[in-house]
Amino acid sequence: MLSYRHAFHAGNHADVLKHLVEVLILQYLVQKEVKPLRYIDTHAGPGISRLQGSFSIKNREFASGIARLWGRSDLPTPLQHYVNVVRSVNASSELLFYPGSPAIAAAILGPAHRLQLFELHPTDASSLGKWAARDRRIKLQRADGFVALKAILPPPEKRALVMIDPPYEVKTDYDCAISALKMGCKKFATGVYALWYPLLDRKDVSAFSRRLKLLPVKSLMVEFPVQPLAGEGMRGSGLFIVNPPWTLQQQLEECLPYLHTALAESGAPLWTTRRCGD
Ligand SMILES: C[S@@+](CC[C@H](N)C(=O)[O-])C[C@H]1O[C@@H](n2cnc3c(N)ncnc32)[C@H](O)[C@@H]1O
């Protein structure tokens, strides 16, 4: 089943959290290190979304996400870094385009680095292909990212960020995500992995957070609810980061109070960050 289309959700609160984490990890990994890095994205999405396009305009999810940070002059520094990357794909001061995870990586990584992207949906893979066409750093495959990951680890560069961002439209995505992390950490133990997941008011999903915490890896878990947890639909989101940069937790703690004020509804619980496996 491939009914999920990321363009409906581009720039929403979950993208803000996920892409903030992505920016901070990538900036850390390339700040001093001249050695090439590989960015692997198992569920890449369409690449870039036009916020006035028919998908994004339908739900206007960006209005309660990136749009609330756009034009603000009091952002904490790490959050400003993320907004600067979003600015880099907008030619004017108007927020017209939103970069997906591959476009964020492409904006941060220099010519020595490589991007390896997987996207299964034919339309999104085609949009991604058009966006990536002239970028020689990018290799794109229309393939199942969970399956493909096994064959490409460890990467030749021996340094990588692996983004795992499934739509969870099928329940098996939860098991596949955990299996992919376990497999990845076995074949390429020094890689940095970032797994995104939704916060839903469902027992099986809080069981998912518990399963992640039990993995025998060094990790950082961040959960950011934007609505009270009781209720239908996505209440917020979380990321589980394996081998996180040592700076990441502090940078997130700097941003989360601001994000809570800007994006969360009243009654939403506070964010949490938690290190495991140290
Ligand atoms: C949440 S979206 C990705 C968003 C993107 N990572 C970003 O942050 O901009 C998930 C994407 O995974 C694609 N997809 C679903 N199952 C997949 C699979 N097994 N392998 C690769 N792509 C898949 C969907 O078509 C969708 O575009």
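Residues numbered from 1 in each chain as written. Predicted model: local features only at pLDDT ≥ 70, side-chain atom pairs only at ≥ 80, totals over all residues.

Engineer: Just checking my understanding: could you explain the overall build of the chain for this structure?
Structural biologist: The number of helices and strands found in the chain is nine helices and ten strands. Taking 2.2 N^0.38 as the reference for a compact globule, 278 residues should give roughly 19 Å; the C-alpha atoms of the chain span a radius of gyration of 17 Å, in line with that estimate. Across its three principal axes, the chain shows a C-alpha extent of roughly 45 × 45 × 40 Å. In the chain, the share of contacts with a sequence separation of at least 24, taken over all contacts with a separation of at least 6, comes to 77%. (Helix = DSSP H or I, 4+ residues; strand = E, 2+ residues; numbered from the N terminus. Rg over C-alpha atoms; globule rule 2.2 N^0.38 Å. Contact = placed C-beta atoms within 7 Å.)

Engineer: Can you walk me through the site of the ligand in this structure?
Structural biologist: Looking at the ligand, there are 20 residues lining it, with His 43, Gly 45, Gly 100, Ser 101 and His 121 nearest. Class assignment for the residues of the shell around the ligand results in eight nonpolar, seven polar and five charged. (Near = placed C-beta within 6 Å. Nonpolar A, V, L, I, M, F, W, Y, C, P; charged D, E, K, R; others polar.)

Engineer: Explain unusual backbone geometry here, please?
Structural biologist: What you tend to see is this: most non-glycine residues have negative phi, and most peptide bonds are trans. The omega torsion of the bond from Leu 153 to Pro 154 falls at -5 degrees, within 30 degrees of zero and hence cis. Summarising the element assignment, Pro 154 is placed in the loop between helix H6 (145-152) and strand S6 (160-164). Residues other than glycine seldom take positive phi values, yet Lys 158 does so here, at roughly 60 degrees. Among the structural elements, Lys 158 can be located in the loop between H6 and S6.

Engineer: What is the right way to read the environment of Gly 47 from this model?
Structural biologist: As for its placement among the helices and strands, Gly 47 is situated in the loop between strand S1 (38-41) and strand S2 (48-50). Judged by the 24 C-beta atoms lying within 10 Å of it, Gly 47 falls in the buried class. Those residues in contact with Gly 47 that lie beyond four places of it in its chain are Gly 100, Pro 102, Ala 103, Ser 127, Leu 128, Trp 131 and Ala 132. (Buried ≥ 20, exposed ≤ 12 C-beta atoms within 10 Å, placed from the backbone.)

Engineer: Sorry, what's going on with the sheet that holds strand S10 (residues 272-276) here?
Structural biologist: The strands making up a sheet associate through backbone hydrogen bonding, with each pair oriented either parallel or antiparallel. With mixed pairing, the eight strands of this open sheet are ordered in space as S5-S4-S1-S6-S7-S9-S8-S10. Both outer strands of the open sheet, strand S5 (138-141) and S10, are each paired with one neighbouring strand and no more. Looking at each pair of strands side by side, their axes are set apart by 15 degrees on average, direction ignored. When strand S8 (residues 219-225) meets strand S9 (residues 234-242), the two strands line up antiparallel, connected through seven bridges. When the sheet's bridge partners are listed, Pro 225 is paired in S9 with Gly 236. Strands S6, strand S7 (192-200) and S9 of the sheet are contacted by helix H7 (residues 172-187), whose axis makes an angle of about 165 degrees with S7. Strands in contact with helix H9 (residues 248-263) are S8, S9 and S10; relative to S8, the strand with the most contacts, it is inclined by about 5 degrees. (Pairing = 2+ DSSP bridges. Axes fitted to C-alpha atoms, helices over the stretch in contact; angles between N-to-C directions.)

Engineer: Would you explain H6 in this entry?
Structural biologist: Quick reminder: α-helices carry 3.6 residues per turn. Residues three or four places apart thus point the same way. Taken together, the buried positions of H6 are occupied by Gly 145, Phe 146 and Leu 149. Taken around the axis of H6, the buried residues stretch over an arc of 100 degrees, which confines them to a single face. Pointing more than 90 degrees away from the buried face of H6 are the exposed residues Val 147, Lys 150 and Ala 151. Packed against the buried residues of H6 are strand S4 (114-118) and H7. (Arc of directions from axis to C-beta.)

Engineer: Looking at this model, I keep getting lost on the pairing of S1. Mind explaining?
Structural biologist: The side chains of a regular strand alternate, first on one face of the sheet and then on the other. Because side chains alternate across S1, one face comprises the buried residues Arg 38 and Ile 40, and the other comprises Tyr 39 and Asp 41, equally buried. Where S1 lies against S4, four bridges are found, and the strand directions are parallel. Residue pairing in the sheet places Ile 40 in a bridge with Gln 116 of S4. For S1 and S6, the ladder comprises four bridges, and the chain directions are parallel. Bridged to Arg 38 within S6 is Ala 160.

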